[in-house]
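A structural walkthrough
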Amino acid sequence: MNGLYQLAVVFGVLVVALTIAAGLIWLERRLLALWQDRYGPNRVGPFGLFQVLADMIKIFTKEDWTAPFADKATFILAPAIIVVTVLLSFAVVPFAPGIVVADLDIGLLFFLGMSSLGVYSVVLAGWSSDNKYSLLGGMRAAAQMLSYEVFMGLSLMGVVVLAGSFSLTAIVEAQRNLWFVVPQFLGFLLFMIAGIAETRRLPFDLPEAESELIAGYHAEYSGMKFGMFFVGEYLGIILISSMITVLFFGGWLGPVLPGIVWFLIKVFFFIAFFILLRAALPRPRFDQLMSWGWKVMLPLTLANVLVTGALVLAFA
Amino acid sequence: MLSVLRTIWEVFLHAFRKRVTIQFPEEKPRLPPRYRGRIILSRDPDGGERCVACYLCAVACPVDCIALQATEDSTGRRYPEFFRINFSRCIFCGFCEEACPTYAIQLIPDFYMSEYKRQNLVYEKEDLLISGPGKYEGYNYWKVAGVKIGGKDKGEAEREAPPVDLQSLLP
Ligand code: SF4
Ligand code: SF4
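Computed from a predicted model, the values in this text were never measured in an experiment. (Residues numbered from 1 in each chain as written. Chains lettered and ligands numbered in written order. Predicted model: local features only at pLDDT ≥ 70, side-chain atom pairs only at ≥ 80, totals over all residues. Heavy atoms only, no water.)

**Here's the deal with the overall build of chain A**
The helix and strand inventory of chain A stands at 12 helices and 0 strands. Taken from the N to the C terminus, the helices and strands of chain A come in the order α-α-α-α-α-α-α-α-α-α-α-α. Relative to a compact globule of 316 residues, whose C-alpha radius of gyration would be 20 Å, chain A shows 20 Å and is just as compact. Along the first, second and third principal axes, the C-alpha set of chain A runs to 60 × 45 × 45 Å. When burial is assessed residue by residue, chain A has 50% of its 316 residues classed as buried. The contacts of chain A with a sequence gap of at least 6 include a subset with a gap of at least 24, amounting to 77%. Summed over all atoms, the accessible surface of chain A reaches about 14,100 Å², with 74% contributed by carbon and sulfur. Charged side chains of chain A number 18 positive and 19 negative; the gap between the two group centres comes to 7 Å. (Helix = DSSP H or I, 4+ residues; strand = E, 2+ residues; numbered from the N terminus. Rg over C-alpha atoms; globule rule 2.2 N^0.38 Å. Buried < 20%, exposed > 50% of the residue type's maximum accessible area, 1.4 Å probe, protein only. Contact = heavy atoms within 4.5 Å. Areas by Shrake-Rupley, 256 points an atom, 1.4 Å probe, with all protein chains shown as cover. Lys, Arg positive; Asp, Glu negative; His and termini not counted. Charge placed at Lys NZ, Arg CZ, Asp CG, Glu CD.)

**So, the overall build of chain B**
Tallying secondary structure elements over chain B gives 5 helices and 5 strands in all. Counting from the amino terminus, chain B carries its helices and strands in the arrangement α-β-α-β-β-α-β-β-α-α. Its C-alpha atoms give chain B a radius of gyration of 24 Å, more than 25% over the compact-globule value 16 Å for 171 residues. Along the longest, intermediate and shortest principal axes, the C-alpha atoms of chain B span 90 × 45 × 25 Å.

**As for the packing of helix H4 (residues 107–128) of chain A against helix H10 (residues 223–248) of chain A**
All names here are of chain A. Close contact between H4 and H10 brings their axes to 13 Å; oriented N to C, the two are set at 160°. Put simply, H4 runs roughly antiparallel to H10. For the pair H4 and H10, the crossing hand works out as left-handed. Contacts between H4 and H10 involve Leu-108, Phe-111, Ser-121 and Ala-125 from the first element and Phe-229, Leu-239, Ile-240, Met-243 and Leu-247 from the second. For the contact of H4 with H10, the class distribution of residues is 8 nonpolar, 1 polar and no charged. (Axes fitted to C-alpha atoms, helices over the stretch in contact; angles between N-to-C directions. Parallel < 35°, antiparallel > 145°, perpendicular 65-115°, else oblique. Left-handed = near helix turned anticlockwise from the far one by under 90°. Nonpolar A, V, L, I, M, F, W, Y, C, P; charged D, E, K, R; others polar.)

**A look at the side chain of Glu198(A)**
You can see Glu198(A) is positioned in helix H8 (residues 185–199). Contact partners of Glu198(A), with chain neighbours within four places excluded, come to Ser115(A), Met145(A), Tyr148(A), Glu149(A) and Met152(A).

**Quick word on the site of ligand 2**
For ligand 2, the set of nearby residues contains 13 residues, the closest of which are Cys51(B), Val52(B), Cys54(B), Cys57(B) and Cys100(B). In the shell around ligand 2, the residues fall into 12 nonpolar, 1 polar and no charged. (Near = heavy atom within 4 Å.)

**Examining the pairing of strand E3 (residues 78–86) of chain B**
Residues and elements named next belong to chain B. Two elements, strand E2 (residues 66–72) and E3, share 7 bridges in a ladder whose sense is antiparallel. The residue of E3 that forms the bridge with Ala-70 is Pro-80. Where E2 folds back on E3, the antiparallel hairpin that results is connected by 5 residues, among which Gly-76 adopts a positive phi of roughly 95°. (Pairing = 2+ DSSP bridges.)

**Looking at the interface of chain A and chain B**
Tallying the contact residues gives 15 residues for chain A and 17 residues for chain B. Between chain A and chain B lies a buried interface of about 1,400 Å² when both sides are counted; carbon and sulfur atoms form 61% of it. Where chain A meets chain B, there are 2 salt bridges. For Asp37(A), the salt bridge goes to Arg19(B), with nearest N and O atoms at 3.9 Å. Counting across the chain A and chain B interface gives 7 residue pairs in polar contact (both at pLDDT 80 or more). Those elements that provide at least two residues to the side of chain A that touches chain B are helix H1 (2–34) and helix H11 (259–280) of chain A. When residues of the side of chain A that touches chain B are assigned to their parent elements, the largest contribution, 5 residues, is made by H11(A). (Buried area = accessible area lost by both parts, 1.4 Å probe. Salt bridge = Lys/Arg side-chain N within 4 Å of Asp/Glu carboxyl O. Polar contact = N/O pair within 3.5 Å; in protein donor to acceptor, adjacent residues only side chain to side chain.)

**What to know about H4(A)**
Three- or four-residue spacings in an α-helix give side chains the same orientation, since the helix completes a turn every 3.6 residues. Compared with the 32 Å implied by 1.5 Å per residue over 22 residues, the 32 Å span of H4(A) between its first and last C-alpha is a close match. Remark: Asp130(A) follows H4(A) within two positions and exhibits a positive phi of approximately 55°. (Expected span 1.5 Å × (residues − 1).)

**A short note on the packing of helix H5 (residues 132–155) of chain A against H8(A)**
Residue and element names in this part refer to chain A. At their nearest, the axes of H5 and H8 sit 9 Å apart, and the two run at 150° to each other. Taken as axis vectors, H5 and H8 run roughly antiparallel relative to one another. For the pair H5 and H8, the crossing hand works out as left-handed. Contacts from Gln-144, Met-145, Tyr-148, Glu-149, Phe-151, Met-152 and Ser-155 of H5 reach H8 at Gly-187, Leu-190, Phe-191, Ile-193, Ala-194, Gly-195, Ala-197 and Glu-198. Among the residues making up the contact of H5 with H8, the classes are represented as 9 nonpolar, 4 polar and 2 charged.

**Thoughts on the confidence of the model for chain A**
With 100% of its residues at a pLDDT of 70 or more, chain A has an overall mean of 84. At the level of individual helices and strands, chain A shows its lowest average pLDDT in helix H9 (residues 210–213) of chain A, which scores 76, and its highest in H11(A), which scores 87. (pLDDT = per-residue confidence, 0-100.)

**Topic: the site of ligand 1**
The immediate surroundings of ligand 1 are formed by 13 residues, with Cys61(B), Cys90(B), Cys93(B), Gly94(B) and Cys96(B) found nearest. For the shell around ligand 1, a count of residues per class yields 12 nonpolar, 1 polar and no charged.

**Side note on the environment of Leu128(B)**
All names here are of chain B. Its place among the elements puts Leu-128 in helix H4 (residues 125–128). In this structure Leu-128 comes out as buried when scored by relative accessible area, which is 0%. A C-alpha to C-alpha distance of 36 Å links Leu-128 and Ala-161, two positions 33 residues apart in sequence. Setting aside residues no more than four positions away along its own chain, Leu-128 makes contact with Ile-39, Ile-40, Leu-41, Phe-83, Ile-85, Phe-87 and Tyr-123.

**What about the packing of aromatic side chains?**
To describe a pair of aromatic rings, one takes the distance between the centres and the angle between the planes. Residue and element names in this part refer to chain A. Per the counting criterion, the structure on display carries 28 aromatic pairs over all chains. Aromatic pair Phe-95 and Phe-263: ring centres 5.3 Å apart, planes at 75°, arrangement edge-to-face. You can see Phe-95 sitting in the loop between helix H3 (72–89) and H4 and its partner Phe-263 sitting in helix H11, a full 168 residues away along the chain. The class of Phe-263 is buried, set by a relative accessible area of 1%. Note on Phe-191 and Phe-248: the rings are 6.0 Å apart at their centroids and 40° apart in plane angle, and the pair reads as tilted. (Phe/Tyr/Trp six-rings, centres within 6.5 Å; stacked < 30°, edge-to-face > 60°.)

Shown next, in the form of structure tokens:
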């Protein structure tokens, strides 16, 4: 019985995550349109919802072209890596009490590790495409993700100190009285910025920067291989939104409504916020991005860890 | 930093603005009279074809989508035997209208030209010719041109002096 339940949870998480990721294509276009005084896709089905289906059919039937000059094996492997690593991260996210695939004691570390592995996808894609723009995109991605990962992990240490655990379920339970966003507001801001950079979303989409690099690391990709990068990106948004919810906004905790509903409400709020950022902010220059990361974000994060640690020691 | 937050807030406020999109098939846009849309061939005020098959439009067309063949009727009046525009190529630049010496070819405010078969976008002369003068009401090329055609001799056009008798020009 228990095994069956576990299996159901695994498939449930997979199906829900992938469905939401596909639906996000529609949601993003509608929301962007909303903030640009347009309507967005509203013709296919109710509210244009079936646009997703139309897009899927299109992308599945497109020619799946592999550049003859590309390094075949790596070229095909790269888009899979990003989807796999992000989906694996979903294993440790506690959606509601009992609805978690693997409640690891080191769930947080597992998440950080997986998001670090994700960078291989982009770098390998850029390298194997054998195209100078792709390579530039891949190199940018590597530099950007390495520098933002440093304080992504550190910005969460305040939360870990407060909760006294690396287990995500324990972290949520520790927020029964007070969401961690209050004592860890700086940590929340830093984690969100790092999260956007990790998912390579605008305004931190320098690895693909259409105006300078055509499409950066996925310039040579087409058909479903390109689709994989897209799904990976949207899964990444869901993942980062879920992590923000779990770590700073009390996960499934909330009055009246069942936990999973609260979780989804919070996650969708952050997804919408990510899309709003895309609608509002221009892309910084690459050197600005790097110096921000190393000269502003990192010191702030270190100060945050120090002060949190000192306060916890002083009041414990 | 503050300006970033303000930008985010102001973009968010756009959610409550009026939409600028015109929902096309249900809602029609207002097109100005000189909008460059579907091409027509117009006629003189007295009903004759204006086009004199001079090929200027075909030459001016940057995408080469006009094809025609000149011919002449028994009175010496030139007209196109066939006149074909391939609208799947036309970029609606309006160069043909500018090149035309007789105001025959004109672009009108109409763009509802979707077809399921590409072949149907090739318009023949019957499809292009309209029965009126289009944008230029009173203009009649043959009435002002100094060319001799049936029913009108040299010197009989509007504002045209009779031809000079070369014999009488001697000093
Ligand atoms: S509008 Fe331009 S492209 Fe179209 S037929 Fe005239 S000259 Fe050619
Ligand atoms: S439409 Fe005008 S430019 Fe074209 S052949 Fe006829 S008279 Fe000449």
